[in-house]
Amino acid sequence: MIDFFSWQRLADNFPKLLIYLPVTFGIVGIAAAAGILLGMLIAVVCIRRVPVLNQICTVFISFMRGTPMLVQMLVAYYGIPLLLELLFGVDSRRWPKIVFVYITFALNQGAFLSELLRSSILAIPQGQTEAGLSVGLTPFRTFRRIVMPQAARIALPGLSLDVVGLFQETSLVYMVGVIDVLGRAQTIAAQTGHVLECYILIAVFFVVISLLLRSAFSGFEEKLTYGSREPAAEDADEHSAA
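Values in this document were obtained by computation on a predicted structure and should not be read as measured data.

Trainee: Explain the overall build of the chain to me, using residue names and the numbers behind them.
Mentor: The helix and strand tally for the chain stands at nine helices and zero strands. Helices and strands appear in the chain in the N-to-C order α-α-α-α-α-α-α-α-α. Computed over its C-alpha atoms, the radius of gyration of the chain comes to 23 Å, more than 25% above the 18 Å expected for a compact globule of 242 residues. Taken over the C-alpha atoms alone, the chain extends approximately 75 × 60 × 25 Å along its principal axes. Counting contacts in the chain only where the partners sit at least 6 residues apart, residues at least 24 apart contribute 75% of the total. A total of about 14400 Å² of accessible surface is found on the chain, and carbon and sulfur atoms cover 67% of it. Each charge sign in the chain was given a centre, from 17 positive and 17 negative side chains, and these centres are 10 Å apart.

Put into structure tokens, the structure is as follows:
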């Protein structure tokens with residue numbers, strides 16, 4: 001009978017895959033941070049309808065939201081070196097492959113988060129901005145100290161879902177030769193002829209980390225909304241007592 005599964009192989013493969021999780025975390029961390037910054041910039045450009053830049057951002061968002069991540073990654077991997085060499089004479093063919101993964105995921109997150117941030121900013125009443133300006137704050141300080149904290153609270157649930165989805169999307173990076181947990185599973189399968197144990201471990205990794213991420217974001221969201229929920233709860237208690 002063919003040996004499809006072995007608990008011993010499962011235990012042996014666990015440390016072999018675990019050491020590649022930092023690669024995945026690095027992609028998620030860099031993509032999320034760069035995506036928030038880029039998304040904020042695009043959101044402001046779209047809200048203010050900056051000539052030319054607004055049209056460029058609209059096309060960029062449509063492309064990134066309308067194409068699969070794998071296609072974007074392959075375009076970046078094969079297209080960016082040609083573009084850099086054509087425009088600036090830069091030879092990027094020897095760059096680490098993960099650089100192109102960072103670029104792809106950052107651009108993808110910038111496009112998706114820009115719409116989330118734009119809608120969150122527009123959800124803040126205009127009176128908040130007018131109040132800040134009326135007490136002498138500059139437009140930038142009004143945005144940073146009054147509008148942005150409230151918009152961040154609104155955007156947090158959507159951001160948490162996006163980060164969890166981003167973590168799951170990292171399973172595609174092995175397609176351009178970046179060795180993460182899935183890429184390592186492929187090499188183990190090629191060496192041993194057994195891959196089921198690796199895929200089971202990867203599934204467990206992704207489920208556990210996704211649950212931990214959701215739990216962390218939920219706790220952070222509760223801390224941010226605690227102050228706004230408490231008065232409402234007190235009013236409800238007073239109403240019930242009356």
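Trainee: Summarise the layout of surface pockets; cite the residues concerned and give the values.
Mentor: What the largest pocket holds in volume is close to 430 Å³. Contributing to the lining of the largest pocket are 14 residues, with Ile47, Arg48, Ile121, Thr129 and Phe143 lying nearest its centre. Considering every element that reaches the lining of the largest pocket, the biggest residue donor is helix 7 (residues 139-169), with five residues. Grouping the amino acids of the lining of the largest pocket by side-chain chemistry returns 10 nonpolar, three polar and one charged. In this model, the second largest pocket occupies a volume close to 190 Å³. Lining the second largest pocket are 13 residues; nearest its centre among them are Met69, Asn108, Gln109, Phe112 and Glu169. It is helix 7 that provides the largest number of residues to the lining of the second largest pocket, a total of five residues. Looking at side-chain class alone, the lining of the second largest pocket contains six nonpolar, five polar and two charged residues.

Trainee: Can you tell me about the nonpolar core, naming the residues and giving the values?
Mentor: One finds Leu17, Val101, Phe105, Val173 and Ile202 to be the most contacted residues of the largest nonpolar core, which totals 31 residues. When contributions to this core are tallied by element, the ones reaching two or more residues are helix 1 (7-18), helix 2 (21-48), helix 4 (69-88), helix 5 (97-122), helix 7, helix 8 (181-192) and helix 9 (196-241). Element by element, the count of residues in this core is highest for helix 9, at seven residues. If sequence neighbours within four positions are ignored, phenylalanine 105 has contacts with Ile27, Ala31, Met69, Met73, Leu166, Glu169, Thr170 and Val173. One finds Met40, Ala43, Leu117 and Ala155 within the second-largest nonpolar core, a separate group that totals nine residues.

Trainee: An account of the state of the cysteines is requested, with residue identities and associated values reported.
Mentor: Tallied over the full model, the rule gives zero disulfides. With no disulfide of its own, cysteine 46 lies 5.0 Å from the sulfur of cysteine 57, the closest cysteine sulfur. Classification of cysteine 46 as buried rests on a relative accessible area of 13%.

Trainee: Quick rundown of the packing of aromatic side chains? Include the residues and the values.
Mentor: In this structure the tally under the stated criterion is seven aromatic pairs. Ring centres 4.9 Å apart and planes at 80° place the aromatic pair tyrosine 77 and tyrosine 78 in the edge-to-face group. Centroid distance tyrosine 77 to phenylalanine 100: 5.8 Å. Interplanar angle 85°. Geometry classified as edge-to-face. Taken together, the positions of tyrosine 77 in helix 4 and phenylalanine 100 in helix 5 put the pair 23 residues apart, joining distant regions of the chain.

Trainee: So what about the side chain of serine 120? Which residues, and what values?
Mentor: As for its position among the elements, serine 120 is in helix 5. A polar contact of 2.8 Å, which involves the side chain of serine 120, links it to the backbone oxygen of leucine 116. What serine 120 contacts, discounting residues up to four positions off in sequence, is Ala151, Ile154 and Ala155.

Rules of the game
Residues numbered from 1 in each chain as written. Predicted model: local features only at pLDDT ≥ 70, side-chain atom pairs only at ≥ 80, totals over all residues. Heavy atoms only, no water. Helix = DSSP H or I, 4+ residues; strand = E, 2+ residues; numbered from the N terminus. Rg over C-alpha atoms; globule rule 2.2 N^0.38 Å. Contact = heavy atoms within 4.5 Å. Areas by Shrake-Rupley, 256 points an atom, 1.4 Å probe, with all protein chains shown as cover. Lys, Arg positive; Asp, Glu negative; His and termini not counted. Charge placed at Lys NZ, Arg CZ, Asp CG, Glu CD. 1 Å grid on protein atoms, 1.4 Å probe; cavity = no way out; pocket = protein on both sides within 12 Å on 5 of 7 lines; lining within 4 Å. Points joined across faces, edges and corners; volume = space filled by probe spheres on them. Nonpolar A, V, L, I, M, F, W, Y, C, P; charged D, E, K, R; others polar. Core = buried A, V, L, I, M, F, W, Y, C linked by side-chain atoms within 4.5 Å. Buried < 20%, exposed > 50% of the residue type's maximum accessible area, 1.4 Å probe, protein only. Disulfide = S-S within 2.5 Å. Phe/Tyr/Trp six-rings, centres within 6.5 Å; stacked < 30°, edge-to-face > 60°. Polar contact = N/O pair within 3.5 Å; in protein donor to acceptor, adjacent residues only side chain to side chain.

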